[in-house]
Amino acid sequence: MRDLLRGMSLGYAVLAATAVTYVTVYTVNLGRFPTTFDYLSILNTTLPLVFVAIGQSLVVLTGGIDLSVGGIVSLCVAVTATRVTGEGAGPFLWILVVLALGAACGAVNGLIVAKGRIAPILTTLATLSIFTGLALRVLPVPGGSVPQGVRMLLSNPNVPTGLIWLGAAVAGWLVLRRTRFGMRIYAVGSDETSARAVGVPTAAVKLGVYALSGLCSALAAVFYVSTTTAGDANAGAPFILTSIASVVVGGVAFSGGRGSALGAVAGAVALALVIDVLFFAGIDPLYQALFQGLFLVVAVLLGTVAALATRRRRADV
Amino acid sequence: MTQGTPSVAPTRSATEVLAVRASGVDRAFGGVQALRDASFAARPGEIHALAGENGAGKSTLIKVLCGLISADRGTVEIFGQAVRRVVEPAARRRLGVATAFQELSLLPDLTVAENLLLHDPPRGRLGLVRRGRLAPVADGILRRYGVDYVDSRTVTADLSVAHRQVVELVRVLATEPKVVILDEPTAALPAEQVRWLAGHMRRLRDAGCCVIFTSHRWREIEDLADRVTVFRNGTRVATRDRLSEAEAVTLMSGRSFAGAYPDVTAIARGDSALRVDDLAGGRLRGVSFDLRRGEILGVGGLAGQGQRDLFLTLFGARRAAAGAVSVGGEAVTIRRPKDAIRAGLGIAYVPEDRKAEGLFLPLSIRDNIALATLSRRSSYGFVARGAERSAVSSIAAQLRIGGGRATSQAVGTLSGGNQQKVVMARWLLTEADVLLLYDVTRGVDAATKHDIYELVAELAGRGKAILFHSSETEEIANLCHRVLVLREGRIAAELPGPVGDAERIVAASIKEAPDA
């Protein structure tokens, strides 16, 4: 339980506040409470961001950043939309191929960062362009489709299958946290030099988190196509900023070593809710980015103030 | 700094197998040659001290010995096995070398338990880490080494430097290695923990382990070491069974010193510069004193009795809960460092932990020195570089920083002692009249320490008021006009100085203490 609370109070608090606002705005506008259908649609549209945010948080926990999530999502969306077709086992095998592709893209990032000693922000900025370019090659114009079977399993609009996948993602993190690799992620982010000095294989850890981030982006892509039932080679672009925002709102320290992917999950859901709040409040979608940015700044400011207050209280004991 | 007969133990019968052997080792960092044809040998079952000034190459040698970095040239053997750079923790453990580094290698955001069990956490079904078992197992390890005052659930960054050092040492001891290397293990430790560590070092030696350590406190080398190897400029200059302090200092520095401490009794004391009434906050429970110009006021006592909070509060780095401060007779409110710098005569604070609290390693010496006084030499936001250069050069020359090297050099390339001088130079440039010197000689070599003592005395002679704390009680005993002994956040005793004998301060620190 201590695990759940540690370093992620900000994400929880923001999620709770946003959820209350959502229910209030919805009820005031439509004169009734949100229905199961509303919750399901939120869940299904949020899942891709949840996955990307988990991957991003792993990278940020090691003190890095992954801008290429946008490119990997785009590439994987393109491949999913064009290849995951037909009946039977075929589409599911292709999903596995897509996941492997995402992990491989991430591993490329990891190799360049860990072995080439190139700053994560430069590395992933470059690979972002490369992966996006490849996505355009695979799917020059938006299109494609997804088999009904896949859709029913991943983002069924009537049955909460999404809940299972959300649960799986959270469980995945909790398991990861309980591996030696999980401990080492924090070690690397806390102080890389010291980690190396006490024998943490820092290069392997970095390779691992970038590969996992790639895998998460691939998962996000599959869910994205399943929900929207079509592909677009630019689908990944928005995920760059929103995943970083989720991580920040989720209370993961940008310097690394502190925070939790669960916080990022809470941050991602909160961020998605903000869009719905804006919609029901009747605000022009043109201003969506502006309000999301404001939300981000306010949430982080509140978090900083709260952290300062705790530190002061602790120092005075 | 006793000059009596050294109590170095006699050499034990020569063993055929060497525990550690390095020969012809070269290692450069950028343009700096840290090791030059260095050689070193240590036997199993001995405590071997590695002595030398900052920058003599001790830390680099240690990193090569334990496989953290590779040598450019030369060979290193552990029990006859050649060592190359090893990263894998398992491979390191097989090598049997465990090292406590000078720059603490604990991970600040992890708990003590996670740090101790990073490589071998308790695991349950499916090989998953049992996080609930981490703390009990780690507590067990700490208890086994007699450490019951550290809670393994604590996030490491929240521990005091001394406790962090203790945990770091337990981490090393707990691997039960064949070769233990301790780089400056006692620099951050109070006397009691130094005795604790000495006990463990002797136990390991008697069990046939090879214990290598470095220290800038000669008394510890005399007490503990069976043999001493002296390094200078990246090369071994001597290995001896017995060595007097005077000889060692000469070997280490190539120069000799007369009289370790300057005479401070002749310095004239003036008006009140810093008056503190009932200051409280953090561990401070009400401290009052009056510090006059030209006075060096020592703050002593056991570690963690509020010394750090006193300095930080006076500098505005933490808020006071109660109490009044006046500077040069004027009441001031200090909420942040800026207030302290501007208060009346000006207050400057030189911290112990240079890297965390004072220096920007990639920046040049000049930028680091000029940092606190930028606004004085700038107009409309532009810095007058010419004025800055001349101000910095004169103070750098005065303190003999970097042996007269160019001030455009990055501070990171300097030795620890020189880095400490850079921090002092920065605050001297502010021309503050009240100087808070907090353990400024920590981890600094003998020659630089000597320079710092002279500098402190000279500053007092120029009418500065100096509040001085050191983890080496001997310095407080010899350098201060008056000594305040803190206990549990209060002044337990005030001794007129120079006290001369550190034991008197130690006695006052523990007298009537509840569990002493």
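Residues numbered from 1 in each chain as written. Chains lettered and ligands numbered in written order. Predicted model: local features only at pLDDT ≥ 70, side-chain atom pairs only at ≥ 80, totals over all residues. Heavy atoms only, no water.

What follows deals with the overall build of chain A. Within chain A, the secondary structure is distributed over 14 helices and zero strands. Starting at the N terminus and walking to the C terminus, you meet the elements of chain A as α-α-α-α-α-α-α-α-α-α-α-α-α-α. With respect to the principal axes defined by its C-alpha atoms, chain A has extents near 60 × 50 × 35 Å. Residues classed as buried in chain A amount to 50% of the 317 residues present. A fraction of 78% describes how many contacts in chain A between residues 6 or more apart in sequence connect residues 24 or more apart. Carbon and sulfur atoms make up 72% of the accessible area of chain A, which amounts to about 13700 Å² in all. Across chain A, the 19 positively charged side chains and the 10 negatively charged ones have centroids separated by 12 Å. (Helix = DSSP H or I, 4+ residues; strand = E, 2+ residues; numbered from the N terminus. Buried < 20%, exposed > 50% of the residue type's maximum accessible area, 1.4 Å probe, protein only. Contact = heavy atoms within 4.5 Å. Areas by Shrake-Rupley, 256 points an atom, 1.4 Å probe, with all protein chains shown as cover. Lys, Arg positive; Asp, Glu negative; His and termini not counted. Charge placed at Lys NZ, Arg CZ, Asp CG, Glu CD.)

So, about the interface of chain A and chain B. In this assembly, 27 residues from chain A lie in contact with 28 residues from chain B. Together, the buried faces of chain A and chain B total about 2500 Å²; carbon and sulfur atoms form 54% of this surface. Considering only the side of chain A, the residues that lose the most area to chain B are A:Arg178, A:Met183 and A:Val198, jointly responsible for 26% of the buried surface there. Between chain A and chain B we count two salt bridges in total. One can count six residue pairs in polar contact (both at pLDDT 80 or more) joining chain A with chain B. Of all the secondary-structure elements, those providing two or more residues to the side of chain A that touches chain B are α8 (161–177), α9 (180–190), α10 (192–197) and α14 (288–316) of chain A. A per-element tally of the side of chain A that touches chain B places α9(A) first, with six residues. Residues belonging to the side of chain A that touches chain B are distributed by class as follows: ten nonpolar, six polar and eleven charged. (Buried area = accessible area lost by both parts, 1.4 Å probe. Salt bridge = Lys/Arg side-chain N within 4 Å of Asp/Glu carboxyl O. Polar contact = N/O pair within 3.5 Å; in protein donor to acceptor, adjacent residues only side chain to side chain. Nonpolar A, V, L, I, M, F, W, Y, C, P; charged D, E, K, R; others polar.)

This next bit is on the sheet that holds strand β11 (residues 272–281) of chain B. Residue and element names in this part refer to chain B. The strand order across the open sheet formed by four strands is β12-β11-β14-β15, and the pairing between neighbours is antiparallel. Where the open sheet ends on each side, the last strands, each with one partner, are β12 (284–292) and β15 (330–332). Across the sheet, the axes of successive neighbouring strands diverge by a mean angle of 20°, strand direction being ignored. In the sheet, β11 pairs with strand β14 (residues 322–327) via five bridges, with the strands oriented antiparallel. Note that in β14 the partner of Val276 across the bridge is Val325. (Pairing = 2+ DSSP bridges. Axes fitted to C-alpha atoms, helices over the stretch in contact; angles between N-to-C directions.)

Let us now look at the packing of helix α4 (residues 69–83) of chain A against helix α12 (residues 237–249) of chain A. Residues and elements named next belong to chain A. The N-to-C vectors of α4 and α12 enclose an angle of 135°; their axes lie 7 Å apart at closest approach. If you check the angle between α4 and α12, you find them oblique. When the axes of α4 and α12 are compared, the crossing they make is right-handed. The residues of α12 that touch α4, namely those facing Val69, Gly70, Val73 and Ser74, are Ala237, Phe239, Ile240 and Ser243. Considered class by class, the residues forming the contact of α4 with α12 number five nonpolar, three polar and no charged. (Parallel < 35°, antiparallel > 145°, perpendicular 65-115°, else oblique. Left-handed = near helix turned anticlockwise from the far one by under 90°.)

Moving on to the environment of B:Ser23. Residue and element names in this part refer to chain B. Within the secondary structure, Ser23 is located in strand β1 (residues 20–29). In the structure, Ser23 is positioned 15 residues away from Ala38 in sequence and 6.1 Å away in space, judged by C-alpha atoms. Contacts of Ser23, omitting those with residues within four sequence positions, involve Ala38, Ser39, Gly74 and Thr75.

This next bit is on the packing of aromatic side chains. Residue and element names in this part refer to chain A. Under the definition given, this model contains eleven aromatic pairs over all chains. Relative to Phe223, the ring of Phe51 has its centre 5.2 Å away and its plane inclined at 25°; by these criteria the two rings are stacked. Residue Phe51 is found in helix α3 (residues 36–61), and its partner Phe223 is found in helix α11 (residues 202–228); the two are separated by 172 residues along the sequence. Considered together, Phe51 and Phe223 belong to a single accessibility category, that of buried residues. Where Tyr224 meets Phe239, the ring centres are 6.2 Å apart and the plane angle is 80°; that geometry is what we call edge-to-face. (Phe/Tyr/Trp six-rings, centres within 6.5 Å; stacked < 30°, edge-to-face > 60°.)

Another aspect to go through is the confidence of the model for chain A. Residue and element names in this part refer to chain A. Predicted confidence across chain A gives a mean pLDDT of 86, with 94% of residues reaching 70 or more. Averaged pLDDT values for the elements of chain A fall to 45 in helix α1 (residues 2–5) and rise to 94 in helix α6 (residues 120–138). The model gives residues 1–8 a pLDDT under 50, and that stretch makes 21 contacts with residues more than four places away or in other chains. (pLDDT = per-residue confidence, 0-100.)

Residues and elements named next belong to chain B. For Gly301, the location among the structural elements is in the loop between β13 (296–300) and α9 (307–314). Taking the C-alpha atoms as reference points, Gly301 and Pro190, separated by 111 residues in sequence, lie 9.7 Å from one another. Gly301 has contacts with Gln307, Val485, Leu486, Ile505 and Ser509, leaving out every residue within four places of it along the chain.

Turning next to the pattern of salt bridges. All names here are of chain B. For the coordinates displayed, the defined rule picks out 28 salt bridges over all chains. With a shortest N-O distance of 3.9 Å, Asp37 and Arg73 are connected by a salt bridge. Pair noted here: Asp37 is in strand β2 (residues 32–42) and Arg73 is in strand β4 (residues 73–78), with a separation of 36 residues, a long-range link. Judged by relative accessible area, Asp37 falls into the partly exposed class, the value being 46%. Where Asp309 meets Arg318, a salt bridge forms, and the shortest distance between an N and an O atom there is 3.5 Å. Like Arg318, Asp309 is buried. Because the salt bridges share partners, they merge into one network encompassing Arg217, Glu220, Lys449 and Glu472.

So, on to helix α17 (residues 502–510) of chain B. Residues and elements named next belong to chain B. Of the residues making up α17, those classed as buried are Ala502, Ile505, Ala508 and Ser509. Along the long axis of α17, the arc covered by the buried residues comes to 125°, so they all point the same way. Next to the buried residues of α17 lie α16 (473–479), β21 (482–487) and β22 (490–496). (Arc of directions from axis to C-beta.)

Let's shift gears to a positive patch on the surface. Residues and elements named next belong to chain B. On the surface, Arg319, Arg335, Arg336, Lys338 and Arg342 cluster together into a patch of positive charge. Mapped onto the elements of the fold, Arg336 is located in the loop between β15 and α10 (337–342). For Arg336, a relative accessible area of 44% translates into the label partly exposed. (Patch = residues over 30% accessible without salt bridge, like charges linked within 9 Å, V, L, I, M, F, W, Y side chains within 5 Å.)

This part takes up a nonpolar patch on the surface. Among the surface-exposed residues, A:Leu286, A:Tyr287, A:Leu290 and A:Leu294 lie close enough to one another that they form a single nonpolar patch of about 460 Å² accessible area. Note that A:Leu294 resides in helix α14.

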